[in-house]
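Residue-level listing of the chains:
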Amino acid sequence: MKSELRRPDGRPVRVLVVDDEATLAELVSMALRLEGWDVRSAQDGLAAVRTAREFRPDAVVLDVMLPDIDGLEVLRRMRADSPALPVLFLTAKDAVEDRIAGLTAGGDDYVTKPFSLEEVTLRLRALMRRTGIAEATAGATVVVGDLSLDEDSREVHRAGEPVDLTATEFELLRYLMRNPRRVLSKAQILDRVWNYDFGGQANIVELYISYLRKKIDAGRAPMIHTMRGAGYVLKPAG
């Protein structure tokens, strides 16, 4: 299920991902491509500035700590060309002063490492909507069988009945619903719903799957299934 967030001209939104950790940059890029977005990446500040001039991104995911020039300088140079360009900072620094420095330098939002890929996607969507760069078309509701999930209001219904979920349960269900009938491994779920380097507490996936089953499947034909040795799959009941 791809995002319905698009540019006003109907084309996919463009996002530039800047991080000197190649694996992390690729993980973030893959997550954003799953949204149906056009994504480029750069691994240092000067390459990022060059790519931004050629690619003309609608938003930038920007690591503060880069090997040549830092993210704040990259942002200043990008904003010289595109004053309203929305930027989501990534940083390992968690100090309040760093957060304030980033935002006062013109960054629009801030995520500290380790983060979940889903969080980056959600923050970017919110940023682009707020700045008017991209619009949501009708259909931000994901539907599988008699289960529906509204990505904007964060409301979930099964057979018309509301289902009350915590934030983490919502993100887990959303990931399952965006990949109906596809077996998702515990490792994939950890990467997408929890931190990309979570450290391997696979039992947290089992725990949250059990929470979801109690809320989604209790008293109804089950939609969430365990594929022994492989992972979990969500599919229409019956």
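Coordinates for the structure precede this section.
In this text, all values refer to a predicted model and were calculated from it rather than measured experimentally. (Residues numbered from 1 in each chain as written. Predicted model: local features only at pLDDT ≥ 70, side-chain atom pairs only at ≥ 80, totals over all residues. Heavy atoms only, no water.)

Participant: Explain the pattern of salt bridges here, please?
Facilitator: Two side chains bearing opposite charge may form a pair once their charged atoms approach each other closely. Throughout the structure, instances matching the rule amount to 13 salt bridges. A salt bridge links R154 to E171; the shortest N-O distance between them is 2.7 Å. Of this pair, R154 sits in the loop between β9 (147-150) and β10 (156-158) while E171 sits in helix α6 (residues 167-178), and the two are 17 residues apart along the sequence. Overall, R154 belongs to the partly exposed group, its relative accessible area being 36%. Judged by relative accessible area, which is 10%, E171 ranks as buried. Linking R158 and D217 is a salt bridge whose minimum nitrogen-to-oxygen distance equals 3.2 Å. A residue pair is termed long-range when its members are at least 10 positions apart, and R158 in strand β10 and D217 in the loop between α8 (203-216) and β12 (224-227) qualify at 59 residues. Residue R158 shares its accessibility class with D217, and that shared class is buried. Each of E118, R154, E171 and R174 takes part in one network of salt bridges that share partners. (Salt bridge = Lys/Arg side-chain N within 4 Å of Asp/Glu carboxyl O. Helix = DSSP H or I, 4+ residues; strand = E, 2+ residues; numbered from the N terminus. Buried < 20%, exposed > 50% of the residue type's maximum accessible area, 1.4 Å probe, protein only.)

Participant: Just checking my understanding: could you explain the packing of aromatic side chains for this structure?
Facilitator: Centre-to-centre distance and the angle between the planes together describe a pair of aromatic rings. Throughout the structure, instances matching the rule amount to one aromatic pair. Between Y208 and Y211, the aromatic rings sit 5.1 Å apart at their centres with planes inclined by 75°, giving edge-to-face as the arrangement. With Y208 and Y211 both in helix α8 and three residues apart, the pair spans about one turn of that helix. Its relative accessible area of 30% is what places Y211 among the partly exposed residues. (Phe/Tyr/Trp six-rings, centres within 6.5 Å; stacked < 30°, edge-to-face > 60°.)

Participant: Just checking my understanding: could you explain the sheet that holds strand β3 (residues 38-42) for this structure?
Facilitator: Working definition: the strands of a sheet are paired by backbone hydrogen bonds and lie parallel or antiparallel to each other. An order of β3-β2-β4-β5-β6 is seen for the five strands of this open sheet, with the pairing classed as parallel. Looking along the sheet, the strands with just one partner apiece sit at the ends: β3 and β6 (109-112). Along the sheet, successive strands turn relative to each other by an average axial angle of 20°, direction set aside. Along the sheet, helix α5 (residues 117-130) contacts β2 (14-18), β4 (59-63), β5 (87-91) and β6; its crossing angle with β5, the most-contacted strand, is approximately 155°. (Pairing = 2+ DSSP bridges. Axes fitted to C-alpha atoms, helices over the stretch in contact; angles between N-to-C directions. Contact = heavy atoms within 4.5 Å.)

Participant: Explain the sheet that holds strand β8 (residues 141-144) to me, please; I cannot follow it from the model alone.
Facilitator: Taking strand neighbours across the sheet as the criterion, the four strands line up as β8-β9-β10-β11 in an open arrangement whose pairing is antiparallel. With one partner strand each, in any of the chains shown, β8 and β11 (161-163) form the two edges of the open sheet. On average, each strand axis in the sheet is tilted by 25° relative to the strand beside it, whichever way the strands run.

Participant: Hey, could you run me through helix α3 (residues 71-81) in this one?
Facilitator: For an α-helix the count is 3.6 residues per turn, leaving residues at separations of three or four pointing the same way. Here α3 has its buried residues at G71, V74, L75, M78 and R79. The arc that holds every buried residue of α3, seen down its axis, measures 130°, which confines them to one face. In this fold, the buried residues of α3 make contact with β2, α2 (45-55), β4 and β5. Two or three places before L72, at the start of α3, stands the capping residue D70, its side-chain oxygen 3.1 Å from that residue's backbone nitrogen. (Arc of directions from axis to C-beta. Polar contact = N/O pair within 3.5 Å; in protein donor to acceptor, adjacent residues only side chain to side chain.)

Participant: Even after reading the chapter, I still don't get the side chain of E118, so can you show me in this structure?
Facilitator: Note on placement: E118 falls in helix α5. A distance of 2.8 Å separates the side chain of E118 from the side chain of R174, its partner in a polar contact.

Participant: I'm lost on the packing of α5 against α6 in this one. Help?
Facilitator: A pair of packed helices is characterised by two quantities: the angle between their axes and the separation of those axes. With their axes 11 Å apart at the nearest point, α5 and α6 run at an angle of 90° to one another. In this view, α5 runs roughly perpendicular relative to α6, as classed from their interaxial angle. Facing E118, L122 and R125 of α5, the residues of α6 in contact are E171, R174 and R178. The residue inventory of the contact of α5 with α6, partitioned by class, reads one nonpolar, no polar and five charged. (Parallel < 35°, antiparallel > 145°, perpendicular 65-115°, else oblique. Nonpolar A, V, L, I, M, F, W, Y, C, P; charged D, E, K, R; others polar.)

Participant: Quick question: what am I supposed to make of the pairing of β12 here?
Facilitator: Regular strands have side chains that alternate between both faces of the sheet. Sheet analysis places β12 next to strand β13 (residues 231-234), joined by four bridges and oriented antiparallel. Bridged to I224 within β13 is L234. Between β12 and β13, which pair antiparallel one after the other, the connecting turn spans three residues, and G229 there sits at a positive phi close to 80°.

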